[in-house]
Protein chains: 2
Amino acid sequence: MQFSPSFQQLIEALRCLPTVGQKTAQRMALHLLEHDRSGAQGLAQAIEAALEKLGHCKSCRVFTEGELCPICADDQRDDRLLCVVESPADWIAIEQSGAFQGRYFLLLGRLSPLDGIGPDELHLDQLEVRLREPALEEVILATSATIEGEATAGYVTELAQGRGLKVTRLAQGVPMGGELEYIDPSTLSLALRGRREHREE
Amino acid sequence: MQFSPSFQQLIEALRCLPTVGQKTAQRMALHLLEHDRSGAQGLAQAIEAALEKLGHCKSCRVFTEGELCPICADDQRDDRLLCVVESPADWIAIEQSGAFQGRYFLLLGRLSPLDGIGPDELHLDQLEVRLREPALEEVILATSATIEGEATAGYVTELAQGRGLKVTRLAQGVPMGGELEYIDPSTLSLALRGRREHREE
């Protein structure tokens, strides 16, 4: 297939996007060139601007322009609660649930001694600074339910308990709308162990 | 959800891509910022370069850098065959089949009198120039099997026959691997009318 060089390069470049293969990249390139040149111009500028301006919030490490992200700068949030998550995607998921009004800290990774990722690589000294904040009462662990996630949770728990803080984890169990017959045995076992007293209200 | 402005703008900008909604745009933005900053830089540059450099081939109207696209400039292609397609996407589909070695002309639209799109809007005078090429013998109509596609095919047929050229259309019928019970009645009807004599070889 003989595409002209700039067109071929645009297709190749679009493939850096997740889930975009050759076919989708072709369709995207044609769409931009044929139907949305101003959108394409805007996209190029937005990428350049994001790369240039976005760094990590010095308090929670979310992507942000200034020193502090909008959440850390918001004095309406609850200083008593600190939610520790692994990645920006996890942070977005929790924030979009609308169920949490406290503060965040992003690990930007997980402890994984086999891959040489220890507390220093995750810069957990920045977390220790957060744990020293006087208003803080509870650390909520929202790390993944994987081996590395568990190891990371264990380490953070030690740090937090060392400072006399309450440490909690997200509940594990049956998801909303989950039908019991399709739930895997490990999840059911966690749901049984984590059962709670039930009262009619 | 409080994203910082550049991050929010990047998400919005990514939504100009076809099939990309809010969730996918978020995932793409995070991926670019977290895992592929050099890919993101390359994408911004490829878009800028494509917008700046790509115009239409003056002969067939495919996207290209110079005056002529690689196919029109290739003297190995068969000058006797001219395939008329509607869009760059159709052109790519035929070219990728590897079954056609002739020349192309892109209509970049369809005749649609109700929408005010006539021969002048499609610049069919450029097609007439192609039809006057001395080596040309056959015009292959590869327009869509829609009402506008048929109308466009009819108009191109008149132009070509007026110059004594043979005019053919893509065969319509059962697709490769198609199971008869799932084929729609109109397609089956076309396949019956277009039946061919069959011989063991």
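Since we're looking at a predicted model, the values are computed, not measured.

Rules and cut-offs
Residue numbers run consecutively from 1 along every chain, following the written order of its sequence. Think of it this way: whatever chain is written first is A, whatever ligand is written first is 1, and the rest follow in order. Residue-level local features of this predicted model are given only where pLDDT is at least 70; pairs of side-chain atoms are given and counted only at 80 or more, and the full residue set underlies all totals for whole chains, interfaces and linings. Only hydrogens and water are removed before side-chain values are computed, so all heavy atoms of the structure are retained for them. Pairing of aromatic rings covers Phe, Tyr and the six-membered ring of Trp, with a centre-to-centre limit of 6.5 Å; geometry is then stacked below 30 degrees between planes, edge-to-face above 60, and tilted otherwise. The buried label applies to any residue whose accessible area, calculated with a 1.4 Å probe on protein chains only, is under 20% of its type's maximum; exposed applies above 50%, and partly exposed to all values in between. Comment: elements are numbered from the N terminus, with helices defined as DSSP H or I runs of at least four residues and strands as E runs of at least two. Two strands are counted as paired when DSSP detects at least two bridges linking them. Fitted lines through C-alpha atoms give the axes, limited to the stretch in contact for helices. The angle between two N-to-C directions lies from 0 to 180 degrees. Every residue pair with non-hydrogen atoms within 4.5 Å of one another is taken to be in contact.

Draft legend 1. Structural detail: the packing of aromatic side chains. Residues and elements named next belong to chain A. Scanning all chains against the criterion turns up ten aromatic pairs over all chains. Ring plane angle 70 degrees and centroid distance 5.0 Å describe the contact between Phe3 and Phe7, whose orientation is recorded as edge-to-face. Here Phe3 and Phe7 have matching classes, each one buried. Judged by centre distance (6.4 Å) and plane angle (85 degrees), the rings of Trp91 and Tyr104 are edge-to-face.

Draft legend 2. How the structure looks around the environment of Ala135(B). Residues and elements named next belong to chain B. Examined against the element boundaries, Ala135 turns out to sit in the loop between helix H6 (124–131) and strand E5 (138–142). On the basis of relative accessible area, Ala135 is assigned to the partly exposed category, the value being 38%. Taking C-alpha positions, Ala135 is 28 Å from Gly118, a pair spaced 17 residues apart along the chain.

Draft legend 3. Fine view of the sheet that holds strand E4 (residues 102–106) of chain A. All names here are of chain A. The four strands are arranged E4-E3-E5-E6 in an open sheet whose pairing can be described as parallel. Edge positions in the open sheet fall to E4 and strand E6 (166–169), since each of these has one partner strand only. Ignoring strand direction, the axes of neighbouring strands in this sheet form an average angle of 25 degrees. When strand E3 (residues 78–85) meets E4, the two strands line up parallel, connected through five bridges. Looking at the pairing, Val84 lines up with Phe105 of E4. In the packing of helix H4 (residues 88–97) onto the sheet, contacts are made with E3, E4 and strand E5 (138–142), and the angle to E4 comes to roughly 165 degrees. Packing of helix H5 (residues 124–131) onto the sheet brings it into contact with E3, E4 and E5, and relative to E4 it is tilted by some 160 degrees.

The values reported here are purely geometric and, on their own, carry no functional implication.
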